[in-house]
Amino acid sequence: MLKILLLFWVLSLQIFLPQHTHAAGKEKTHLVLTGSSTVAPLVSEIARLFEDSHPEIQVDVQSGGSSRGIADARRGLAEIGLVSRDLKENEKDLKAFSIAFDGITIILHRDNPVKKLSNAEIVAIYQGKIKNWEKVGGHDAPITVINKSAGHSTLELFTAYFKLKSTEIHPDVIIGDNAQGIKTLSGNPDAIAYVSIGAAALEAELGTPIKLLPVANISPTLENVQNGRFPIRRPLNLVTQKKPTGWVLRFIQFARSKDVRAVIQEQYFVPLPE
Amino acid sequence: MNRLAPAKNEGFAGFVLWSVAAFIVAVFAWLMADILIHGAAQISWDFLSTAPEKAGRRGGILPILVSTLLIMGVCLLAALPIALGTAILLAEFTPEKSAFGRMVRRALDVLAGVPSIVFGLFGNAFFSVYLGLGFSILSGGLTLACMILPLLIRTLEAGLRANPARDRLAAAALGLSYGASLRHILLPGAAPALLAGLLLGGGRAIAETAALVYTSGYVDRMPGSLLDSGRALSVHIFDLSMNVPGGDQNAYASALVLIVLLFIVNVTTAGIVSRWRKTGLAI
C-alpha cells in the first residue's frame, strides 16, 4: 500500500508538470501586469476585451498594491505596472500612461436644503464637532455621518484631501462600496456621505434622490474630473520602465482608446477626455 | 446522585460556562445565517459552472473553484509525505530531549506562528522568482505547503508519541519489523492526530488570501496547467468585497461556496482517516 501511495504521488506530480510544454506549438505571448488592487479589476476586464480581439496574446493581471506595480515594472517582473495615483518625484524614471480617473465628492439627499459645505465644515462634521444641519444652514435635524470601512481607496483619498485621520472620524453608518453608500443615503434625508463621482453621477441621472456637492467651489461633474479642475481626484496609471513597444504599446493604446470607455464607466471610473 | 453533575454552589460557574459556550455557538450561527441569507439566493448551477464576468459582479466562479481545488491538491500532495517523514524522524528516531530534536521542534513552532503574508512574500521570492515558476498554481500550492507543514508535523509527531509503549513492546515481541509496526500499529494509532492536523492545516490553506495574492495570483481565467496563474476562492471574495463596487452579492455567494467546500473536505478527510485507522495502511 505504501508503495502504491508513493507511486501515486510521483505519478501525479509528473502528470501535472509536462502540460505546459506539450502546448508549446502554439505558445501564446504573455503580458504580465501587476499592481494596484483598485486598478486590477478594471484592467482585467480591459485585458479580456484585448484577448478577444488578439487571440495570440494572453494578458495576466496580478494584484498586490501600487508600490508592487512600481517595483515589478522596475525589476522587469511585469511588463506593465498598475498604479492608482500620480507618480512620486523619485518614481519619475518610469513612464506613466493614465487610462482613467477616479474622483470622489460629498453627496446629500435631494431634499436636504444645504447647497454647499466648506472644507472646514466637512471636516467638522466628520470629526463630530458639528452634529446638526442647523449649524450649516439646514433643518434642525441631527447629521447622520456615513463613512467607508477601512481598506477602501476612497477612504484614503478622502482623508488625505481633508487631512483627517480615520481615527478622528466617528461615523454613524459604515458602508462598503459606493452603491451601498448611495442606497443608505437615499433612504436617510439627514445623512452625508462621500462616494465615487462616477457612481454618484450615474445614480443621480437614474433618478436616485441624491445630489452631488461641489468641493472647494468646483462642481463635481465628470468633465471637471476629466480636465483635472476637481480637487479630489487621482489618475489610474499604467507604468512601464522603458518607452513601450510591440504588444505592450498596443495594449496601452487599447486601454486608452474609445473601445474601453464603457468598461471604465461600468467600474465607476471616469474615462479620459475624448 | 451523579458524581459529575455540578453541586449547587457551582451554579454560578456553571452559568458562566454555559453562557460562554452559548455565545460561541451564537456567533457561529450569526455568521452562518448572514452568509446564507445574503448568499443562498445567488447560488445556482450557473453560478458554479460559468466563468466570472464584469470583474466578478456577474457570472459564476467555475475557474476559481477549479484553481482552488488544484492549489489544495498541490499543497496536500507536497506537504503530506514531507510531514509524515519528518514526524516519524522526530517521534521515532530522535530522543525527545536531544539537541537536534529540540532545535527542529523550536524551528517548527516559530514557523507555525509566522503570519501568512510572510509566507506569501517568501513564496513569491523563492518559487515565483528564484525557481521561475512565476505566478502559478504550483507556486501557490507549494507556498501553502510550507505554511501548513509545521502544523502537520507537530500534530502528527504528538500523535505518534502518544502511542502507548506496550504497543511497541508487543510488536517487537511478535517479531514485527519496524516498518510493519509503523504501518500497522503506530501510524494508525496516530490517525486522529493526522486528522486534526489535516483539518487545521487544510482549513488554514483553503481560507488563505494573503499568501496566495503573491503566488498563485489574481487571474480568473480557467487554468490550462499548473503553471498558469489561478485565483483562489478566498482571493476572489476579498477582491469582490474590497475592490469591486457592486460585488458584494457574489462575494457572499462565493463565501457560502467556500464554507460548503470546507465542510465537504472536513467530512471526507474524517471518513478516510477513520477507515485508515481501522484497517491500517494495508487496506
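### Topic: the overall build of chain B
Then, in step 1: What chain B contains, in helices and strands, is twelve helices and two strands.
Then, in step 2: The 283 residues of chain B split such that 45% are buried.
Then, in step 3: Within chain B, counting contacts between residues at least 6 apart in sequence, those at least 24 apart form 73% of the total.
Then, in step 4: Surface accessibility of chain B: about 14,000 Å² in total, with carbon and sulfur atoms responsible for 72%.
Then, in step 5: Seen as two clouds, the 20 positive and the 14 negative side-chain charges of chain B have centres 10 Å apart.

### Points about the nonpolar core
One broad rule of soluble globular proteins: the nonpolar side chains tend to lie buried together.
Then, in step 1: Ranked by internal contacts, the top residues of the largest apolar core, which has 57 residues, are Ile61, Leu144, Ile153, Leu160 and Leu233 of chain B.
Then, in step 2: When residues of this core are assigned to their parent elements, the largest contribution, 13 residues, is made by helix 3 (residues 62-93) of chain B.
Then, in step 3: Beyond its immediate sequence surroundings of up to four residues, Ile61 of chain B is in contact with Phe47, Leu48, Thr50, Leu233, His236, Ser254 and Val257 of chain B.
Then, in step 4: Judged by nonpolar contacts, the second largest core, of 34 residues, contains Leu108, Leu117, Val215 and Phe230 of chain A.

### Notes on the pairing of strand 3 (residues 80-83) of chain A
All names here are of chain A.
Then, in step 1: Of the two faces of strand 3, the one carrying Ile80 and Leu82 and the one carrying Gly81 and Val83 are both buried.
Then, in step 2: Pairing of strand 3 with strand 9 (residues 233-240), which is carried by three bridges, proceeds in the antiparallel orientation. Paired with Val83 across the bridge in strand 9 is Asn237.

### Some thoughts on the domain arrangement of chain B
One frequent convention defines the size of an interface as the accessible area lost when the parts assemble.
All names here are of chain B.
Then, in step 1: Each assigned domain of chain B is listed here: domain 1 (4-42) and domain 2 (45-281).
Then, in step 2: The C-alpha centroid of domain 2 is placed 29 Å from the C-alpha centroid of domain 1.
Then, in step 3: Residue-level contacts link eight residues of domain 1 with eight residues of domain 2.
Then, in step 4: Of the roughly 730 Å² buried between domain 1 and domain 2, counting both surfaces, carbon and sulfur atoms make up 75%.
Then, in step 5: Among the residues domain 1 hides against domain 2, the three largest losses belong to Ile35, His38 and Gln42. Together they make up 66% of the total.
Then, in step 6: Inspection of the domain 1/domain 2 interface yields zero salt bridges.
Then, in step 7: Joining domain 1 to domain 2, the criterion identifies two residue pairs in polar contact (both at pLDDT 80 or more).
Then, in step 8: Each residue belonging to the side of domain 1 that touches domain 2 can be placed in one class, and the counts come to four nonpolar, three polar and one charged.

### Comments concerning the environment of Leu76 of chain B
Residues and elements named next belong to chain B.
Then, in step 1: Turning to its location among the elements, Leu76 is positioned in helix 3.
Then, in step 2: Taking the relative accessible area as the measure of exposure, Leu76 reaches 26% and is therefore partly exposed.
Then, in step 3: Distance from Leu76 to Ala232, taken between C-alpha atoms, is 15 Å for residues 156 residues apart in sequence.
Then, in step 4: Leave out the neighbours within four places in its chain, and Leu76 touches Pro81, Ile148 and Leu198.

### Here we look at the packing of helix 3 of chain B against helix 9 (residues 191-206) of chain B
To describe two helices that pack against each other, one gives the angle between their axes and the distance between the axes.
Residues and elements named next belong to chain B.
Then, in step 1: The N-to-C vectors of helix 3 and helix 9 enclose an angle of 140 degrees; their axes lie 11 Å apart at closest approach. In terms of axis orientation, helix 3 runs oblique to helix 9. The handedness of the crossing between helix 3 and helix 9 is right-handed. Residues Thr68, Met72, Cys75, Leu76 and Leu80 of helix 3 form the contact with helix 9, whose participating residues are Leu194, Leu198, Gly202, Ala205 and Ile206.

### Digging into the side chain of Thr215 of chain B
Residues and elements named next belong to chain B.
Then, in step 1: By the secondary structure assignment, Thr215 is in the loop between helix 10 (210-213) and helix 11 (233-242).
Then, in step 2: Taking relative accessible area as the criterion, Thr215 reaches 0% and is therefore assigned buried.
Then, in step 3: Apart from the residues within four sequence positions on either side, Thr215 is in contact with Gly120, Gly123, Asn124, Ser128, Gly134, Phe135, Ser136, Ser139, Gly140 and Thr143.

### Concerning the pairing of strand 4 (residues 95-109) of chain A
Residues and elements named next belong to chain A.
Then, in step 1: The element strand 4 is extensively covered by neighbouring structure, given that 13 of its 15 residues are classed as buried.
Then, in step 2: When strand 4 meets strand 9, the two strands line up antiparallel, connected through eight bridges. Across the sheet, the residue bridging to Ala96 is Val239, located in strand 9.
Then, in step 3: Two strands pair when backbone bridges link them, and strand 4 and strand 10 (residues 270-271) are joined in this way by two bridges, in the antiparallel orientation.

### A short note on the packing of aromatic side chains
Then, in step 1: Tallied over the entire structure, the rule returns 13 aromatic pairs over all chains.
Then, in step 2: On the basis of an interplanar angle of 85 degrees and a centroid distance of 6.2 Å, the ring pair of Phe50 of chain A and Trp247 of chain A is categorised as edge-to-face. One end of the pair, Phe50 of chain A, is in helix 3 (residues 39-53); the other, Trp247 of chain A, is in helix 10 (residues 246-255), and 197 residues separate them in sequence.
Then, in step 3: Pairwise contacts between aromatic rings join Tyr126, Phe158, Tyr161, Phe162 and Tyr194 of chain A into one cluster.
Then, in step 4: Its end group placed over the ring of Tyr218 of chain B, Arg231 of chain B keeps NZ or CZ at 4.2 Å from the ring centre.

### Points about unusual backbone geometry
Residues and elements named next belong to chain A.
Then, in step 1: The phi dihedral of Ala216 is positive, around 50 degrees, even though this residue is not glycine.
Then, in step 2: Assignment of secondary structure puts Ala216 in the loop between strand 8 (210-212) and helix 9 (222-227).
Then, in step 3: A positive phi is found at Tyr268, a non-glycine position, where the angle reads about 65 degrees.
Then, in step 4: Take Tyr268: it is sitting in the loop between helix 11 (261-266) and strand 10.

Cut-offs used in this document
Residues numbered from 1 in each chain as written. Chains lettered and ligands numbered in written order. Predicted model: local features only at pLDDT ≥ 70, side-chain atom pairs only at ≥ 80, totals over all residues. Heavy atoms only, no water. Helix = DSSP H or I, 4+ residues; strand = E, 2+ residues; numbered from the N terminus. Buried < 20%, exposed > 50% of the residue type's maximum accessible area, 1.4 Å probe, protein only. Contact = heavy atoms within 4.5 Å. Areas by Shrake-Rupley, 256 points an atom, 1.4 Å probe, with all protein chains shown as cover. Lys, Arg positive; Asp, Glu negative; His and termini not counted. Charge placed at Lys NZ, Arg CZ, Asp CG, Glu CD. Core = buried A, V, L, I, M, F, W, Y, C linked by side-chain atoms within 4.5 Å. Pairing = 2+ DSSP bridges. Domains from an automatic or database assignment. Buried area = accessible area lost by both parts, 1.4 Å probe. Salt bridge = Lys/Arg side-chain N within 4 Å of Asp/Glu carboxyl O. Polar contact = N/O pair within 3.5 Å; in protein donor to acceptor, adjacent residues only side chain to side chain. Nonpolar A, V, L, I, M, F, W, Y, C, P; charged D, E, K, R; others polar. Axes fitted to C-alpha atoms, helices over the stretch in contact; angles between N-to-C directions. Parallel < 35°, antiparallel > 145°, perpendicular 65-115°, else oblique. Left-handed = near helix turned anticlockwise from the far one by under 90°. Phe/Tyr/Trp six-rings, centres within 6.5 Å; stacked < 30°, edge-to-face > 60°. Lys NZ or Arg CZ within 6 Å of the ring centre and 35° of its normal.

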